[in-house]
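As a plain string of letters, each chain reads:
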Amino acid sequence: MGGGHSRHEPDWGAIRAQQEAEARARAAAEAARQEAERAAQAARAEAERLMREAEEARRRFEAQQAEAARRAQAAYEEVQRQRREREQAEQAARAAREAAEAWAREERERAERLAREAEEERCRQRAAQEAARQAAIAAQQEHERQQRAREEENRRLQAEREAAERAAQRAAEEARQAQAARDEAEKQLQDGTRPVVTPTPEEYFAFRAKMQHTEGFFHVAVSGIAGSGKSSLVNAFRGKHNMDLDAAAVGVNETTLVVARYPDPNPSSRFVWYDVPGAGTLKVPDWKYFNDQGLFVFDCIIVVVNNRFTATDVAILSNARRFGIPAFIVRSKADQHIRNLMKDIGYNSDDEGGNKASYFTRARDQYVAESIRSIRTNLQEANIPDQPVYLVSNIALQATVTGKTPKKMMDEVKLLTDLAGTAQRHV
């Protein structure tokens, strides 16, 4: 046992190594603890952040849910409102549809009635247009014939000069015979007989010059009793209104005291119109009216009559036949006469519900029948052959002459057509 050391002495190296190991373990544990605390703090911070984000997400979700609920409620209310409005609109539409169907039925019935009336009017207008077309064709043919006639005018004038020379040779003999005829006429007048007086050649040519008779033109005298509407008829033939500056004067009293000459304003027309003073305004017997007015020099005579013939009308027609002059019997102012008849048969213009068209048709038919019957009787009583009578309205005649189509017509187109045909044969 030497050395004096105990066999149980500590191993300080091992102890120190153990201590160092323990110190290192403690240090490692401390470091691990600190690292764990840092990780726990980071985890807590992350958890808190996630919790905050989750809370914010929850609040946003709740807000979105609230907004969605609000929008859903608004949408529901809008749907309900639209449903109510749709129901109201459907009710209004049903009411409007029923009203529209009722209105459509009325309009359809009215349209059908107007269509029938329009078709009737179109038929009348087509007839009038066809007559006007025929008149235009006749007028064109007349114009062409007049052009050819002017080419023959010099030859005819030469023939007239030769005839005038021969007439001058006969003038003395005819003058002697005319003086004898006057003596006989005066004797007949004293005996109460209306004589037949033939104008002398001097009177014939003097009246032709006075009336400015021009070759190649058709001279028409409009004659009749005072107040029969001659001047208005002359204006209508010329396409003029009574108030136009170059129209024939009209008035309540007879305004024509001398024969007035009115050339047709249409430059292509060959008509010349004459407004003859009305019988009854001059101190001339009816049997002398024809000669004193120089009616024997005209190419055509229009006799304007009223309800019945007068002695002057008979004298004009008789002398026209004697001289071979075409004569037309015209009763103007047809529209005025028809209006008066409408009143006579019960039409009241103040009654808005009155059937004006029906009254007009009845009055027109009565007017036509009475006029034809009256004038035919007058012709028979005067021993004058029956001939047509033309019933015209000055307004419709003026419209027809100016190329318009009046709504109501009588014999205006027929009168113009017959005059054109007579002029075409004469000029």
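These numbers were taken from a predicted model, which means no experiment stands behind them.

Q: It is not clear to me how the packing of aromatic side chains should be interpreted in this structure. Could you clarify?
A: Two descriptors summarise a pair of aromatic rings, namely the distance from one centre to the other and the angle between the planes of the rings. Taken as a whole and assessed by the stated rule, the structure comprises ten aromatic pairs. Taken together, a centroid distance of 5.4 Å and an interplanar angle of 85° make the contact between Tyr-204 and Phe-205 edge-to-face. We classify Tyr-204 as partly exposed; its relative accessible area is 29%. Given a relative accessible area of 45%, Phe-205 falls into the partly exposed group. Ring plane angle 10° and centroid distance 5.2 Å describe the contact between Phe-271 and Trp-273, whose orientation is recorded as stacked. Note on accessibility: Phe-271 and Trp-273 belong to one class, buried. Here a set of aromatic residues connected by ring pairs shows up, and it is made of Tyr-204, Phe-205, Phe-207, Phe-290, Phe-296 and Phe-323. Its end group placed over the ring of Phe-217, Arg-270 keeps NZ or CZ at 3.8 Å from the ring centre. When the ring centre of Phe-360 is taken as origin, the NZ or CZ atom of Lys-408, which lies over that ring, is 4.2 Å away.

Q: What is the right way to look at the sheet that holds strand β3 (residues 271-275) in this model?
A: In a beta sheet, neighbouring strands are held together by backbone hydrogen bonds and run either parallel or antiparallel to one another. Spatially, the six strands line up as an open sheet ordered β2-β3-β1-β4-β5-β6, and their pairing is mixed. Looking at strand neighbours, the two that pair on one side only are β2 (260-263) and β6 (389-391), the edges of this open sheet. Mean inter-strand twist for the sheet, computed between neighbouring axes without regard to direction, equals 25°. Relative to β6, strand β5 (residues 327-331) runs parallel, the two sharing three bridges.

Q: Could you clarify how one ought to interpret helix α1 (residues 12-151) in this entry?
A: Helical geometry note: an α-helix holds 3.6 residues per turn, so side chains three or four residues apart project in the same direction. The end-to-end C-alpha distance of α1, which contains 140 residues, comes to just 174 Å, noticeably less than the 208 Å that a straight helix rising 1.5 Å per residue would cover. Turning to α1, its buried residues are Gln-80, Glu-121, Ala-128, Ala-135, Ala-138, Glu-142, Arg-145, Gln-146 and Ala-149.

Q: In this structure, what is going on with the pattern of salt bridges? I would like to understand it.
A: Where side chains of opposite charge bring their charged atoms close, a pairing between them can arise. Scanning the entire structure with this criterion turns up 24 salt bridges. Note that Glu-119 is salt-bridged to Arg-126, the shortest N-O span being 3.4 Å. A relative accessible area of 42% places Arg-126 in the partly exposed class. In this structure, Arg-364 engages Asp-365 in a salt bridge whose closest nitrogen and oxygen atoms are separated by 3.7 Å. For Asp-365, a relative accessible area of 44% puts it in the partly exposed group.

Q: What is the right way to read a positive patch on the surface from this model?
A: A grouping of Arg-339, Lys-343, Lys-356, Lys-407 and Lys-408 is seen on the molecular surface, where their side chains present a positively charged patch. Its location among the elements puts Lys-407 in the loop between α9 (394-401) and α10 (412-426). Given a relative accessible area of 73%, Lys-407 falls into the exposed group.

Q: Teacher, can you tell me more about the packing of helix α7 (residues 334-344) against helix α8 (residues 356-381) here?
A: Describing two packed helices takes the angle between their axes plus the distance from one axis to the other. Between α7 and α8, the shortest axis-to-axis distance is 8 Å and the interhelical angle comes to 115°. Classed by the angle they form, the pair α7 and α8 counts as roughly perpendicular. The handedness of the crossing between α7 and α8 is right-handed. Every residue of α8 that contacts α7 at Ala-334, His-337, Ile-338, Leu-341 and Met-342 is listed here: Lys-356, Tyr-359, Phe-360, Ala-363, Arg-364, Gln-366 and Tyr-367. The class makeup of the residues in the contact of α7 with α8 is eight nonpolar, two polar and two charged.

Q: How should I be thinking about the environment of Gly-403 in this particular structure?
A: Mapped onto the elements, Gly-403 comes out in the loop between α9 and α10. Its relative accessible area of 65% is what places Gly-403 among the exposed residues. In this structure, the C-alpha to C-alpha distance between Gly-403 and Ala-132, residues 271 residues apart in sequence, is 8.4 Å.

Q: Hey, could you run me through the nonpolar core in this one?
A: Nonpolar side chains in soluble globular proteins generally cluster together in the buried interior. Counting residues in each nonpolar core, the largest one holds 35 residues, and the members touching the most others are Phe-290, Leu-295, Ile-301, Leu-317 and Ile-329. Those elements that provide at least two residues to this core are β3, α5 (286-292), β4 (300-304), α6 (311-323), β5, α7, α8 and β6. Examining the composition of this core, we find that five residues originate from one element, α8, more than from any other. Phe-290 has contacts with Leu-295, Phe-296, Ile-301, Ala-315, Ile-316, Asn-319, Ala-320, Phe-323 and Ile-325, leaving out every residue within four places of it along the chain.

Cut-offs and rules
- Residues numbered from 1 in each chain as written.
- Predicted model: local features only at pLDDT ≥ 70, side-chain atom pairs only at ≥ 80, totals over all residues.
- Heavy atoms only, no water.
- Phe/Tyr/Trp six-rings, centres within 6.5 Å; stacked < 30°, edge-to-face > 60°.
- Buried < 20%, exposed > 50% of the residue type's maximum accessible area, 1.4 Å probe, protein only.
- Lys NZ or Arg CZ within 6 Å of the ring centre and 35° of its normal.
- Pairing = 2+ DSSP bridges.
- Helix = DSSP H or I, 4+ residues; strand = E, 2+ residues; numbered from the N terminus.
- Axes fitted to C-alpha atoms, helices over the stretch in contact; angles between N-to-C directions.
- Expected span 1.5 Å × (residues − 1).
- Salt bridge = Lys/Arg side-chain N within 4 Å of Asp/Glu carboxyl O.
- Patch = residues over 30% accessible without salt bridge, like charges linked within 9 Å, V, L, I, M, F, W, Y side chains within 5 Å.
- Areas by Shrake-Rupley, 256 points an atom, 1.4 Å probe, with all protein chains shown as cover.
- Lys, Arg positive; Asp, Glu negative; His and termini not counted.
- Charge placed at Lys NZ, Arg CZ, Asp CG, Glu CD.
- Parallel < 35°, antiparallel > 145°, perpendicular 65-115°, else oblique.
- Left-handed = near helix turned anticlockwise from the far one by under 90°.
- Contact = heavy atoms within 4.5 Å.
- Nonpolar A, V, L, I, M, F, W, Y, C, P; charged D, E, K, R; others polar.
- Core = buried A, V, L, I, M, F, W, Y, C linked by side-chain atoms within 4.5 Å.

All quantities given are derived from atomic positions and should not be read as evidence of function.
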